[in-house]
Amino acid sequence: MGEEQNLHIPLLTPYKMGNFQLSHRVVLAPLSRKRSYGNIPQPHAILCYSQRTTKGGLLIAEATAISDTAIGYPDMPGIWTKDQVEAWKPIVDAVHAKGGIFVCQIWHTGRVSNTGYQPNGQAPISCTDKPLSPSNDGAHYSPPRRLCTEEIPHIINDFRLAAKNAMVAGFDGVEIHGAHGYLIDQFMKDQVNDRTDEYGGSLENRCRFALEVVEAVSKEIGADRVGIRLSPFADYRESGDSNSEALGLYMAESLNKYDILYLHMVEPRMKTQLVKSECSQSLVPMRKAFNNTFIVAGGYEREDGNNAVADSHADLVAYGRMFLANPDLPKRFELNAPLNKYDRSTFYTSDPVVGYTDYPFLDQASSAQV
Ligand SMILES: Cc1cc2nc3c(=O)[nH]c(=O)nc-3n(C[C@H](O)[C@H](O)[C@H](O)COP(=O)(O)O)c2cc1C
């Protein structure tokens, strides 16, 4: 991209994120695609990620399970075995070959799982034994088993090992998945967490698990390679909080202590899953409270993304569905070109091409129209 002529497009201005020199601010949001058969990343992911790579662009890989208890859906990638680490390497190499910066989103689903995904058919683990209601998309959740206090360091250790493995696979860093109703979010939110030990009750206690994960992962790979994604306002998977603003602020302030690379927050307007609505609440207080790079996500388009950067409400903007459907999204933003529409029906199908690597690039789209 011609940097000089893009200086009037805030999303396309360079940005220094810690030790990484980014050439623009359009980030690939983490996107699970359920195409990692048997929890092993597949060769078709090489094309999907490299299509979305630009020189100096930041990509966040899809949610990646940290252990055999972390799975809650079929065909999600993992990063706890040697085979999985080896399978990630060519994908990471392809992104690096095109000059991208690539972090791995490390993840534990907690109670968003069932006995069929768990080792020996055991119950999924969580901070609670409260079950999730059956979902309207047909997913079945088993009642979780409440972790006892002494087990919690083992789960933190699994996050640490996953981060270590991500480094072996060649990733530039990790994003700890603390959003969307999964294990870390379950601990943080008072709608879920009903513990009476030091990991439950007060805001400080509920955030302890998340912060201990951050600390362990930072010690392992260096805080300058660690980000975290949070969605304090969302109530996905019955994981809401009675005081989201206080939760978001407490986390933003506490994270400063660890000096991590970035904080990635999902907009309050995405409270109801993937539905953007008007909302008077904002992430600005958390942005102001956090010292390092602040990434926002959730319902952004070209114009409000540019405004977020211009108004300093964010350093970077992550795009999910638009990037899924437009492999050359930064280019399209540069030219203010029309966008491909995403096809929701193929988000999570297992085909290695359809709805995955067959969204046209701008030059293909325009030549197809001629
Ligand atoms: C197909 C699909 C898969 C997703 N997978 C993940 C994921 O693995 N991890 C995560 O934190 N968010 C995930 N999300 C949420 C996106 O990262 C993003 O926050 C959301 O789509 C809202 O942003 P958008 O309006 O730009 O799409 C997913 C969203 C979609 C549509």
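The model shown is predicted, which means the values in this text are computed figures rather than measured ones. Each chain has its residues counted from 1, following the order in which its sequence is written. With pLDDT at 70 or above as the cut-off, local features in this predicted model cover only qualifying residues; side-chain atom pairs require 80 or more to be listed or tallied, and sums for whole chains, interfaces and linings still use all residues. With hydrogens and water set aside, each side-chain value is computed from the structure's full complement of heavy atoms.

(A) Seen up close, the site of the ligand. Consider each residue's heavy atoms; a residue with any of them within 4 Å of a molecule or strand counts as near. What surrounds the ligand is a group of 19 residues, the closest being S32, R229, G299, G320 and R321. Definition of a polar contact: a pair of N or O atoms within 3.5 Å, with one able to donate and the other able to accept a hydrogen when the atoms are protein atoms, and with sequence-neighbouring residues admitted only if both atoms are side-chain atoms. In this structure, P30 approaches the ligand through a main-chain N or O atom, which is 2.8 Å from an oxygen atom. In the model, an oxygen atom of the ligand is placed 3.2 Å from a nitrogen or oxygen of the H177 side chain. Accessible areas in this description were obtained via Shrake-Rupley with a 1.4 Å probe; residue shielding takes into account the shown protein chains only. Contact with the protein chains covers 94% of the free accessible surface of the ligand, which is 600 Å². Under the grouping applied here, Gly and all other residues not named as nonpolar or charged are polar, the nonpolar ones being Ala, Val, Leu, Ile, Met, Phe, Trp, Tyr, Cys and Pro and the charged ones Asp, Glu, Lys and Arg. For the shell around the ligand, the class distribution of residues is ten nonpolar, seven polar and two charged.

(B) Representation of the layout of surface pockets. Only protein atoms enter the 1 Å grid, on which a cavity is a set of points fitting a 1.4 Å probe that cannot get out and a pocket is an open set with protein on both sides within 12 Å along at least 5 of 7 lines, lining residues being those with an atom within 4 Å of a point. Grid points are joined across faces, edges and corners, and a volume is the space filled by probe spheres set on the points. Roughly 320 Å³ of volume is contained in the second largest pocket. In terms of lining, the second largest pocket is formed by 18 residues, of which the most central are E267, R269, S282, Y300 and H313. The dominant element in the lining of the second largest pocket, judged by the number of residues it contributes, is helix α8 (residues 302-310), at three residues. Put simply, DSSP marks the helices as runs of H or I at least four residues long and the strands as runs of E at least two long, and each gets a number from the N terminus on.

(C) Quick look at the packing of helix α2 (residues 82-97) against helix α3 (residues 152-169). Direction vectors running N to C along α2 and α3 enclose 50°, while the axes themselves pass 8 Å from each other. Regarding the angle of α2 to α3, the classification is oblique. Like other packed secondary-structure pairs, α2 and α3 cross with a definite hand, here right-handed. Contacts between α2 and α3 involve V85, W88, K89 and V92 from the former and N165, V168 and A169 from the latter. Here the residues of the contact of α2 with α3 are counted per class, giving five nonpolar, one polar and one charged. Throughout, an axis means a line fitted to C-alpha atoms (over the contacting stretch in the case of helices), and angles, computed between N-to-C directions, take values from 0 to 180 degrees. What sets the label is the angle itself: under 35 degrees gives roughly parallel, over 145 gives roughly antiparallel, 65 to 115 gives roughly perpendicular, and the rest give oblique. Left-handed describes a crossing whose near helix is turned anticlockwise from the far helix through less than a right angle; right-handed describes the clockwise counterpart. Note on contacts: a residue pair is in contact if any heavy atoms of the two residues lie within 4.5 Å.

(D) Fine view of the side chain of N306. Note that N306 resides in helix α8. For N306, the side chain forms a polar contact with the main-chain nitrogen of L11, separated by 2.9 Å. Aside from chain neighbours lying at most four places away, what touches N306 is I9, P10 and L11.

(E) Spatial organisation of unusual backbone geometry. Positive phi is not limited to glycine here, since N39 has a value of about 70°. Accessibility expressed as a relative area gives 18% for N39, which makes it buried. When a residue's accessible area, from a 1.4 Å probe over protein chains only, is under 20% of the maximum for its type it is buried; when over 50% it is exposed; and in between it is partly exposed.

(F) Examining α8 more closely. When we look at burial in α8, the residues that qualify are G305, N306, A308 and V309. Summarising the axial view, the buried residues of α8 lie within an arc of 160°, below the 170-degree limit, and thus occupy one face. The exposed residues of α8 that point more than 90 degrees off its buried face are E303 and A310. Residues of α8 that are buried make contact with β12 (316-319). Here, the arc refers to the directions that run from the helix axis to the C-beta atoms.

(G) Structural detail: the packing of aromatic side chains. Working definition: rings of Phe, Tyr and Trp (its six-membered ring) pair if their centres are within 6.5 Å, and the pair is stacked with planes under 30 degrees apart, edge-to-face with planes over 60 apart, and tilted otherwise. Using the criterion set out here, one finds twelve aromatic pairs in the structure. A centroid spacing of 6.1 Å and a plane angle of 10° characterise the contact between Y73 and W107, whose relative ring orientation is stacked. On the criterion of sequence distance, the pair formed by Y73 in the loop between β4 (58-65) and α2 and W107 in strand β5 (residues 101-107) is long-range, its members being 34 residues apart. A relative accessible area of 13% means that Y73 is categorised as buried. Look at F102 and F171: their rings are 4.9 Å apart centre to centre, the planes differ by 55°, and that puts the pair in the tilted class.

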